[in-house]
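Fold and contact review
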Amino acid sequence: PVLTDRKRLVMEKESLGLYLSGHPMHVLLPELRSCGCRPIAGLKPTAYGERTLIAGMLVAWRTDKSGRAQVLLDDSSGRMEVMLTAELLADHRHLLEGDKVLVAEGGIRHDKFRDGLSMQVATLYDMDSLRQRRAKGLVLSMEPGQNVPKLLAMSHMLSPFVDKSGVRLWMDVFLQEHRIRLRLSEDWKIKPRDELLDALREMLGDTGVKVMYE
C-alpha cells in the first residue's frame, strides 16, 4: 500500500501526539478549493444575505449562557471563530470532536468585541456530509499496467459503498498507451466516505483519487 500524506499525519499524531510533517488541512486543500471553500487568511466581511464557505480543523469550542456554540477552526492560513445557534448545535454536536475537519457556510462580520472576523453559521458539514451534499463525482486514476491487477481489488473495495443516492464514478485507465476516462453506469454510484477514500488513496496514491464538485 502507498503511504499517503493523510496516513503519515495520522501515524505521527498517534505516536508523537502532534503533526510533524505538515498541517492536516494540506491534504484536503485541493478538494476544498474545488468545492468553493475560501482560505481564512483572505476573508472579508460579507454583504447582508451573502454566504461564504470555509473549512478548518476543529481546535476548540465552548458554549455561552444562551446555549450557542463558539467554534474555533484552523485551515493552516489562519483561524476563525464561527458561531452556531443552539438549534444548530443540537443537530451537529456529534461533529464537534477530536481533530475533525469541519466546513461552515454563513455570513462573515467584523466582531468588535474580539476585534476580528467571525461567522454566523447557517450550515455545518463534516467532509462526508459535504461530499454527499455537493460532490458531483469521483474520479479514480490508474497508471499504465495497473488496470487488470487493481480493478478486481477495487471493485471489492467499492462494493460496500454503492448507493443510488451517491455520486457518479469515473475511471481514468490506459488502453494502448492512451489515457481514457470511463464513466461507469448508474449501478456504480458511490458514497465517497472518508474511509473509502483513504483506502483508495493507499492503493492509487493521493493523486489517483479526486472528488469532483463541478
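Preceding this paragraph is the structure being described.
These numbers were taken from a predicted model, which means no experiment stands behind them. (Residues numbered from 1 in each chain as written. Predicted model: local features only at pLDDT ≥ 70, side-chain atom pairs only at ≥ 80, totals over all residues. Heavy atoms only, no water.)

Let's shift gears to the environment of Ser 66. Within the element layout of this structure, Ser 66 appears in the loop between strand S1 (52-63) and strand S2 (69-74). Residue class for Ser 66 comes out partly exposed when judged on its relative accessible area of 46%. It is 7.6 Å that separates the C-alpha atoms of Ser 66 and Ala 86, two residues lying 20 residues apart in sequence. Looking at Ser 66, its side chain comes within polar contact range of the side chain of Asp 64, at 2.7 Å. A distance of 3.1 Å separates the side chain of Ser 66 from the side chain of Arg 68, its partner in a polar contact. (Helix = DSSP H or I, 4+ residues; strand = E, 2+ residues; numbered from the N terminus. Buried < 20%, exposed > 50% of the residue type's maximum accessible area, 1.4 Å probe, protein only. Polar contact = N/O pair within 3.5 Å; in protein donor to acceptor, adjacent residues only side chain to side chain.)

The next subject is the pattern of salt bridges. Scanning all chains against the criterion turns up 12 salt bridges. For the salt bridge of Arg 131 with Asp 194, the shortest nitrogen-to-oxygen distance reads 2.8 Å. Residue Arg 131 is located in helix H4 (residues 127-134), and its partner Asp 194 is located in helix H6 (residues 194-204); the two are separated by 63 residues in the primary sequence. Owing to a relative accessible area of 21%, Asp 194 belongs among the partly exposed residues under this scheme. A cluster of three or more residues bridged by salt bridges with shared partners is formed by Glu 31, Asp 128, Arg 131, Arg 193 and Asp 194. (Salt bridge = Lys/Arg side-chain N within 4 Å of Asp/Glu carboxyl O.)

As a packed pair, helix H2 (residues 24-34) and H4 sit with axes 12 Å apart at the nearest point and diverge in direction by 25°. Comparing their axes, H4 and H2 come out roughly parallel. In the packing of H2 onto H4, the handedness of the crossing is left-handed. The residues of H4 that touch H2, namely those facing Leu 28, Glu 31 and Leu 32, are Met 127, Leu 130 and Arg 131. (Axes fitted to C-alpha atoms, helices over the stretch in contact; angles between N-to-C directions. Parallel < 35°, antiparallel > 145°, perpendicular 65-115°, else oblique. Left-handed = near helix turned anticlockwise from the far one by under 90°. Contact = heavy atoms within 4.5 Å.)

As a further point, take the pairing of strand S3 (residues 79-84). Extensive coverage of S3 is indicated by the burial of five of its six residues. The antiparallel pairing of S2 with S3 creates a hairpin that spans four residues between the two strands, and Ser 76 there sits at a positive phi of about 85°. (Pairing = 2+ DSSP bridges.)

The next point concerns the sheet that holds strand S7 (residues 162-175). Sheet architecture is open: four strands sit in the order S8-S7-S6-S9, paired in mixed fashion. The open sheet is flanked by strand S8 (178-183) and strand S9 (209-212), the only strands paired with a single partner. Direction aside, neighbouring strands of the sheet carry axes that sit 20° apart on average. Taken together, the six bridges between S7 and S8 define a ladder with antiparallel strand orientation. Paired with Met 171 across the two strands is Leu 182, which belongs to S8.

Here we come to the sheet that holds S1. Sheet architecture is closed into a barrel: five strands sit in the order S1-S2-S3-S5-S4, paired in mixed fashion. Taken pair by pair, the neighbouring strands of this sheet meet at an average axis angle of 55°, ignoring direction. As paired strands, S3 and strand S5 (residues 116-126) are joined by three bridges and run parallel to one another. Looking at the pairing, Glu 81 lines up with Ser 118 of S5. On top of the sheet, H2 reaches S1, S2 and strand S4 (101-111); it is set at about 145° to S1, its chief contact. Relative to S5, H4 is tilted by about 70°, and along the sheet it contacts S1, S4 and S5.

On to the side chain of Asp 74, then. Here Asp 74 is to be found in strand S2. Given the relative accessible area of 11%, Asp 74 is considered buried. A polar side-chain atom of Asp 74 sits 2.7 Å from the main-chain amide nitrogen of Ser 76.

Core analysis: the largest hydrophobic core is formed by 34 residues, its most contacted members being Leu 138 and Leu 140. With residues up to four places along the chain from it excluded, the contact list for Leu 140 reads Met 154, Leu 158, Leu 169, Trp 170, Met 171, Asp 172, Leu 200, Leu 204, Gly 208 and Val 209. Core analysis: the next-biggest nonpolar cluster, separate from the first, contains 20 residues, Val 71, Val 82, Leu 95 and Leu 102 among them. (Core = buried A, V, L, I, M, F, W, Y, C linked by side-chain atoms within 4.5 Å.)

Spacing of three or four residues puts side chains on the same side of an α-helix, whose turn is 3.6 residues. Among the residues of H2, Pro 24, Met 25, Leu 28, Leu 29, Glu 31 and Leu 32 are the ones counted as buried. Looking at the residues trailing H2, positive phi occurs at Gly 36, about 105°.

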